[in-house]
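Residue strings, one per chain:
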Amino acid sequence: MRYRFSSAVLGGIVLAALLSAAPATAGEPGRVSPPGQRDLAGIWYRVVYDGAASEAGAIIVVTKVDADTWIAAPVVHIPPLVPPPQYPGFPPTDAAVPWIVQFQRTGQNTYLVTSLSYYSATQAPAGQPKTAWAGVCNGPGIQQDEDTLTIDWYCFASCNPCFPGCWNFGSPYIACDPGRLWDPFQDPTAFCSAVVTPVEFRKVPMSDGCVPD
């Protein structure tokens with residue numbers, strides 16, 4: 001059984017711990033993409049989040065795993081400009097593990113994209129787990145051209161059933177196993193979002209604009 005987030009919860013859960021990236025125009029002027037499959041591998045930075053300029057963006061390195069799978073992770077992890085989101089039913093947290101993103105090819109230049117981030121309470125009392133909850137987002141991604149990648153995120157949150165502040169602490173629907181991290185992908189108590197969050201990434205371009213001739 002899954003429940004629904006408010007749009008405010010969604011806004012907080014998606015990429016709350018990611019890096020700052022200033023909006024800019026990537027790619028060479030007038031660049032035309034070649035026909036056929038484009039190259040997803042490379043360094044990308046987020047310029048749009050939920051229809052607005054990205055204030056807490058991300059720089060990710062996308063690496064090819066096989067013919068149909070790519071994995072991305074941040075270049076570096078920097079503390080966010082604001083702390084992780086705090087909402088009723090969510091334990092207070094002060095840290096986020098760098099997110100991981102997986103791209104699975106669904107067609108020519110189209111992908112199913114899934115991301116995962118964990119949020120932790122680093123000052124949790126002794127004997128209490130530090131990882132409190134996780135945010136998972138998935139949805140369709142399209143590489144519009146060589147330099148532009150758009151994703152529509154649909155997200156859900158899963159709380160650690162071993163964490164006393166979680167809504168599902170002691171729940172009969174998901175077991176607490178203190179010997180291992182719970183699986184947010186197998187959580188029947190997860191809260192689902194009812195809205196989509198569009199994001200846009202650009203490939204980091206090479207530049208020599210300030211290099212003297």
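Computed from a predicted model, the values in this text were never measured in an experiment.

1. Side note on the pattern of salt bridges
Part 1 of the argument: By the definition in use, this model includes two salt bridges.
Part 2 of the argument: Of the charged contacts, one joins Arg105 and Asp68 as a salt bridge, the two residues approaching to 3.1 Å between their closest N and O atoms. Residue Arg105 is found in strand β7 (residues 100–107), and its partner Asp68 is found in the loop between β4 (59–66) and β5 (69–74); the two are separated by 37 residues along the sequence.
Part 3 of the argument: On the basis of relative accessible area, Arg105 is assigned to the partly exposed category, the value being 25%.
Part 4 of the argument: Of the residues examined, Asp68 reaches a relative accessible area of 35% and is grouped as partly exposed.
Part 5 of the argument: Residues Glu200 and Arg202 are paired through a salt bridge, measuring 2.6 Å at the closest nitrogen-oxygen approach. You'll find Glu200 and Arg202 in the same group, each marked buried.

2. A look at the pairing of strand β9 (residues 131–145)
Part 1 of the argument: Examined bridge by bridge, strand β8 (residues 110–120) and β9 share 11 bridges and lie antiparallel to one another. Residue Tyr119 lies in a different strand from β9, and its bridge partner there is Trp133.
Part 2 of the argument: Pairing analysis gives 10 bridges linking β9 to strand β10 (residues 148–159), with the strands arranged antiparallel. In the strand pairing of β10, Asn138 is matched with Tyr154.

3. Thoughts on the nonpolar core
Note that soluble globular proteins tend to have their nonpolar side chains buried in a common cluster.
Part 1 of the argument: The biggest cluster of nonpolar side chains holds 20 residues, and the ones touching the most others in it are Leu40, Ile60, Val62, Phe103, Ile151, Trp153 and Phe201.
Part 2 of the argument: Those elements that provide at least two residues to this core are β2 (42–49), β4, β5, β7, β8, β10 and β12 (197–203).
Part 3 of the argument: Broken down by element, this core gets its largest block of residues, four residues, from β10.
Part 4 of the argument: The residues contacting Val62, other than those within four sequence positions of it, are Leu40, Ala41, Gly42, Trp44, Trp70, Ile71, Ala72 and Phe103.
Part 5 of the argument: Counting 11 residues, the second largest nonpolar core, distinct from the first, contains Ala121, Ala132, Ala157 and Cys159.

4. As for the state of the cysteines
Part 1 of the argument: Enumeration over the complete set of coordinates arrives at three disulfides.
Part 2 of the argument: The partner cysteine of Cys159 in its disulfide is Cys166, sulfur to sulfur 2.2 Å. Residues Cys159 and Cys166 share a disulfide whose torsion about the S-S bond is about -75 degrees; that sign makes it left-handed.
Part 3 of the argument: Residue Cys159 is classed as buried on the basis of its relative accessible area of 0%.
Part 4 of the argument: Of the residues examined, Cys166 reaches a relative accessible area of 6% and is grouped as buried.
Part 5 of the argument: Ordering the disulfide-forming cysteines of the chain by sequence position, one finds them joined as 1-2, 3-5, 4-6.
Part 6 of the argument: Sulfur of Cys192: no disulfide; nearest cysteine sulfur belongs to Cys155 and is 9.9 Å away.

Reading the values: the criteria
- Residues numbered from 1 in each chain as written.
- Predicted model: local features only at pLDDT ≥ 70, side-chain atom pairs only at ≥ 80, totals over all residues.
- Heavy atoms only, no water.
- Salt bridge = Lys/Arg side-chain N within 4 Å of Asp/Glu carboxyl O.
- Helix = DSSP H or I, 4+ residues; strand = E, 2+ residues; numbered from the N terminus.
- Buried < 20%, exposed > 50% of the residue type's maximum accessible area, 1.4 Å probe, protein only.
- Pairing = 2+ DSSP bridges.
- Core = buried A, V, L, I, M, F, W, Y, C linked by side-chain atoms within 4.5 Å.
- Contact = heavy atoms within 4.5 Å.
- Disulfide = S-S within 2.5 Å.

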